Amino acid sequence: AIVGLLDAGIYGAHPSFADHGVAPPPAKWKGTCAGSASRCNSKLIGVKSLVGDDARDDFGHGTHTSSTAAGNFVAGASRDGMAAGTAAGVAPGAHVAMYKVCTGKGCSDSAVLAGMDAAAIKDGVDVISLSLGGNATFRFDHDPIAIGAFSAVAKGITVVCAAGNNGPK
């Protein structure tokens, strides 16, 4: 499976994106690997920024969400030496494609819609995952996530969205 994530970029050197034990990308994959954060391999198969030239994750959110969704097995993981073990995402054998649609200033509606279009229609992902939040509310027919998700679901792609993104607030 190919999981396309729309978020704030990715740190491709993170051990969760090592490709040990991961099959090569399927032939249906049409995406690209671009930007200074690109360290594509059989695990991290796509990186695209829709908010500038750099797909690097400047504050860790995109790396966090993508490793949670589809990070590979990482032995010896711990927090300050506590609870050492093997960490993995929900789908460790899945391929990852990151679409950077957010910066430290927020997420552009047009970039989110363009990212969903690229992931679902052009590149061939199986799942789109978004963990984006904001304070604005829209009617469904004006909501870029709802519009993009409708198109993706109509093509048989599963869309997973966070139900809010403000942490403990």
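Right, let's walk through the structure included here. The model shown is predicted, which means the values in this text are computed figures rather than measured ones. (Residues numbered from 1 in each chain as written. Predicted model: local features only at pLDDT ≥ 70, side-chain atom pairs only at ≥ 80, totals over all residues. Heavy atoms only, no water.)

### Some thoughts on the overall build of the protein chain
Okay, so step 1: Within the protein chain, the secondary structure is distributed over three helices and nine strands.
Okay, so step 2: The secondary structure elements of the protein chain, listed N-terminal to C-terminal, are β-β-α-β-β-β-β-β-α-β-α-β.
Okay, so step 3: C-alpha extents for the protein chain along the principal axes are approximately 45 × 40 × 30 Å.
Okay, so step 4: Split into buried and exposed, the 169 residues of the protein chain put 40% on the buried side.
Okay, so step 5: Across the protein chain, every contact between residues at least 6 apart in sequence was considered, and the portion connecting residues at least 24 apart equals 70%.
Okay, so step 6: In the form shown here, the protein chain has an accessible surface area of approximately 8800 Å², with 57% of it arising from carbon and sulfur atoms. (Helix = DSSP H or I, 4+ residues; strand = E, 2+ residues; numbered from the N terminus. Buried < 20%, exposed > 50% of the residue type's maximum accessible area, 1.4 Å probe, protein only. Contact = heavy atoms within 4.5 Å. Areas by Shrake-Rupley, 256 points an atom, 1.4 Å probe, with all protein chains shown as cover.)

### With respect to the state of the cysteines
Okay, so step 1: Under the criterion given, the structure shown has two disulfides.
Okay, so step 2: Note on cysteine connectivity: Cys33 is disulfide-linked to Cys40, with sulfurs 1.7 Å apart. Between Cys33 and Cys40 the sulfur-sulfur dihedral comes to about 90°; the bridge is accordingly right-handed.
Okay, so step 3: Residue classification places Cys33 among the partly exposed positions, given a relative accessible area of 34%.
Okay, so step 4: Of the residues examined, Cys40 reaches a relative accessible area of 32% and is grouped as partly exposed.
Okay, so step 5: Here Cys102 engages in a disulfide with Cys107; their sulfurs sit 2.0 Å apart. Residues Cys102 and Cys107 are joined through a disulfide that is right-handed, its torsion about the S-S bond being 100°.
Okay, so step 6: Accessibility expressed as a relative area gives 34% for Cys107, which makes it partly exposed.
Okay, so step 7: With its bonded cysteines labelled in order along the sequence, the protein chain shows the pairing 1-2, 3-4.
Okay, so step 8: This cysteine, Cys161, is not joined by any disulfide, and Cys107 carries the nearest cysteine sulfur, 12 Å off. (Disulfide = S-S within 2.5 Å.)

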